[in-house]
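Structural overview for review
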Amino acid sequence: MRFLLTHYRAFSTRIAVSPNSQICYFARLGQIKNARKVFDGLPEKTVVSWNSIISGYFQNNQHREAQILFDNMPERNIISWNGLISGYIKNGMITEARKVFDKMPERNVVSWTAMIRGYVQEGMIREAEVLFWKMPERNVVSWTVMLGGLIQECRMDDACRLYDAMPVKDVVARTNMIGGYCKEGRLREAREIFDEMPRRNVVAWTTMITGYAQNNRVDVARKLFEVMPEKNEITWTAMLMGYTQCGRMEEALDIFEAMPVKSVAACNAMILGFGMNGQAEKARMVFDRMWEKDDGSWSAMIKVYERKGFELEALNLFASMQKKRVRPNFPSLISILSVCASLASLDHGRQVHAQLVRFQFDLDMYVASALITMYIKCGDLVKAKQVFDGFTPKDIVMWNSIITGYAQHGLAENALQVFHKMFSSGIIPDDITFIGVLTACSYTGNVDEGLQIFESMRSKYNVEPKTEHYACAVDLLGRVGRVNEAMNLIENMPVEADAIVWGALLGACRTHKKLDLAEVAAKKLLQLEPQNAGPYILLSNLYASQGRWNDVADQRKNMRARSVNKFPGCSWIEVDKKVHMFTMADSSGHPEHAVIMKMLEKLAGLLREAGYSPDGSFVLHDVDEEEKVNNLRYHSEKVAVAYGLLKVPKELPIRIMKNLRVCGDCHSAIKLIAKITGREIILRDANRFHRFKDGLCSCRDYW
DNA sequence: TCAACTCAGC
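As the structure is a computational prediction, the values presented were derived from the model and not from experiment.

Counting buried residues along strand E3 (residues 654–658), four of its five residues qualify, which places the element largely inside the surrounding structure. One ladder, built from three bridges, connects strand E1 (residues 570–575) with E3; its direction is antiparallel. When the bridges of E3 are listed, isoleucine 573 appears paired with isoleucine 656. Bridge analysis of E3 against strand E4 (residues 681–684) gives four bridges, and the strand direction is parallel. From the neighbouring strand, arginine 655 faces E4, where its bridge partner is isoleucine 682.

In structure tokens form, the structure reads like this:
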């Protein structure tokens with residue numbers, strides 16, 4: 001406060017500034033009330049005073065007050081009228097601007113240019129062009145505004161013609177052309193204009209540098225950067241991002257450290273740079289050391305955590321952002337929504353939904369789809385459908401989200417119902433739609449219907465089946481044991497079968513114990529994805545189930561030789577808005593470890609009493625029976641179930657998440673646990689949902 | 001002192 005006062009005193013006493021410029025000064029600072037005070041205190045208000053205060057209100061997005069003042073002006077000049085046009089345009093009111101333009105007593109080149117600029121800003125290029133060719137005289141600014149409109153619409157060839165026709169080309173027009181060419185990757189043409197420029201400013205240099213950096217020529221960008229006469233913060237940031245976006249973090253860091261002023265934008269770029277290149281800790285270090293953060297800093301850090309699988313960190317950071325009373329912005333809310341979806345954290349998801357509503361972000365179609373996906377992944381289909389139904393018009397992504405959602409929950413009938421409704425309401429299904437529909441049929445064993453839809457994709461819907469769709473078809477056939485037909489289908493594919501297709505066949509072979517075809521599929525898979533642990537594990541599980549321990553050992557050796565690691569299984573559960581994570585065979589880090597272990601012992605006893613015997617064929621290792629039983633008991637999904645039985649109120653279902661597919665033995669065990677304890681248990685694994693109740697699972701043992 | 005124009009990040 002004291003700062004502001006002294007600042008103001010210095011300003012008003014240093015020079016004899018006119019009151020009108022004081023009005024502008026305050027308006028620019030966003031202190032429109034102070035500007036108004038100066039205006040109201042004027043004994044004599046000239047037309048310039050009126051113009052200044054009106055412009056001030058428009059600058060501060062208060063068009064009503066500006067309008068009232070304009071209507072009450074004692075006299076107006078052409079600048080007043082032009083100010084009204086540009087004011088409306090600043091506030092996005094193009095129709096009002098045009099009304100003023102049509103009724104004003106006289107127009108000059110500024111009036112025309114302002115109006116054209118308004119159309120360009122709204123993307124109404126046709127209207128802009130009509131006015132441009134109609135205007136009685138043009139100057140370099142009018143030409144440049146029109147040029148900018150064409151470039152904005154990516155009409156570079158039209159822009160080039162207009163540019164050639166310009167009688168005078170100034171720095172702005174040339175720089176704009178350079179930027180336009182760079183965005184299209186036409187670096188040679190951009191460079192030609194740059195080289196021909198009689199006078200270059202920092203902006204031109206920066207545009208050229210950005211152009212090279214965004215088109216995989218970061219070293220050329222660096223050369224220009226080294227020789228340019230003067231750099232500003234934007235230049236440094238552009239160079240920095242050139243390096244971060246191609247993953248050259250050492251050079252990015254050099255630039256960052258050499259920067260004279262580390263702007264917030266540059267820091268944010270470093271956060272994203274480190275984070276997206278797999279160095280989340282370093283990103284966090286930059287974040288923590290920042291002198292001041294903007295909302296971009298927070299959303300960048302949250303995005304990094306979300307994309308790199310640090311879901312809990314993302315949630316924590318989002319919470320501390322709110323504790324610091326930083327208003328969540330659009331990108332951070334979207335990131336956190338996706339975190340809620342992957343964690344299946346329904347409580348957090350609901351909170352974020354409420355915030356989206358409060359800030360009116362939920363009116364966005366993209367957000368609606370993200371919300372639907374979140375509710376589906378959290379297992380709340382009713383709420384997902386509610387968001388879906390409440391939003392019109394619906395785009396294809398929304399339809400696809402809900403269809404895929406039903407598929408993951410094993411509700412083929414609902415998925416097909418929505419699919420037909422979508423088609424009859426005039427939305428053309430795309431390839432994603434069919435993945436959802438075919439998966440739905442596959443998960444429920446609707447083989448004939450699924451195959452029928454697969455056959456009709458091209459003929460009825462004009463959608464060319466891709467490898468993913470073939471994978472679904474292979475899955476459909478494979479699930480019911482028609483493995484040879486599946487193999488036939490693969491051999492007659494018009495495109496090369498990929499890992500997903502072979503994976504589907506391998507899964508079927510495992511279920512139906514078709515050892516010979518399994519080996520074929522697994523070997524194909526190993527060729528395509530030598531680093532993927534999946535085929536090694538499937539194959540060695542297959543050998544293990546037949547007691548071929550030597551072959552199992554060979555697979556393990558192969559895995560080690562190619563340094564393939566089995567992705568560790570982990571499960572988690574949300575209790576009281578807190579996520580509890582368990583990894584296989586180890587819950588010792590959990591504060592309630594002892595109680596959990598006791599519960600697991602008790603469950604094992606209950607299962608034995610119910611006549612349950614563990615199915616050892618699901619275990620990978622060649623170990624004796626007793627240890628096998630132990631390994632099964634401590635699979636992460638069982639630990640999470642035990643914790644859920646301890647913590648979740650009796651009337652509520654227990655919701656568990658697992659990062660891999662549920663293990664076959666756990667699946668049998670949880671069915672029984674649900675029956676013995678009378679609880680409903682919902683398990684989301686990597687592929688789909690399992691709802692266990694009364695000794696049965698909603699997947700009907702297909703998964 | 002009042003009206004029309006280009007560059008980075010979100």
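Moving on to the packing of helix H16 (residues 233–245) against helix H18 (residues 264–276). When two helices pack together, you describe them by how their axes are tilted relative to each other and by the distance separating the axes. At a minimum axis distance of 10 Å, the contact between H16 and H18 shows a crossing angle of 0°. Judged by the inter-axis angle, H16 sits roughly parallel to H18. Contact residues: Thr237, Leu240, Met241 and Thr244 in H16; Ala265, Ala266, Ala269, Met270 and Gly273 in H18. Residue composition of the contact of H16 with H18, by class: six nonpolar, three polar and no charged.

Each assigned domain of chain A is listed here: domain 1 (403–561) and domain 2 (587–697). The C-alpha-based centres of domain 1 and domain 2 are spaced at 27 Å.

Attention shifts here to the nonpolar core. Among the nonpolar cores identified, the biggest contains 193 residues, and Ile53, Ile85, Ile116, Leu147, Met177, Ile271 and Leu505 are the most heavily contacted of them. Take this core: its biggest share by element is eight residues, from helix H22 (residues 330–343). Those residues in contact with isoleucine 116, other than ones at most four positions away along the chain, are Ala128, Leu131, Phe132, Met135, Val145 and Met146. Listed in part, the 32 residues of the second largest apolar core include Met597, Met599, Val641 and Val648.

Per the UniProt record, the feature "repeat: PPR" (unreviewed entry) sits at residues 46–76, 77–111, 170–204, 232–266, 294–328 and 395–429. Segment residues 46–76 splits into 71% helix and 0% strand. End C-alpha atoms: 10 Å apart. The span residues 294–328 is 74% helical and 0% strand by assignment, and the distance between its end C-alpha atoms comes to 11 Å.

The rules behind each value
Residues numbered from 1 in each chain as written. Chains lettered and ligands numbered in written order. Predicted model: local features only at pLDDT ≥ 70, side-chain atom pairs only at ≥ 80, totals over all residues. Heavy atoms only, no water. Buried < 20%, exposed > 50% of the residue type's maximum accessible area, 1.4 Å probe, protein only. Helix = DSSP H or I, 4+ residues; strand = E, 2+ residues; numbered from the N terminus. Pairing = 2+ DSSP bridges. Axes fitted to C-alpha atoms, helices over the stretch in contact; angles between N-to-C directions. Parallel < 35°, antiparallel > 145°, perpendicular 65-115°, else oblique. Contact = heavy atoms within 4.5 Å. Nonpolar A, V, L, I, M, F, W, Y, C, P; charged D, E, K, R; others polar. Domains from an automatic or database assignment. Core = buried A, V, L, I, M, F, W, Y, C linked by side-chain atoms within 4.5 Å. UniProt positions renumbered as here; feature names shortened; annotations may be inferred.

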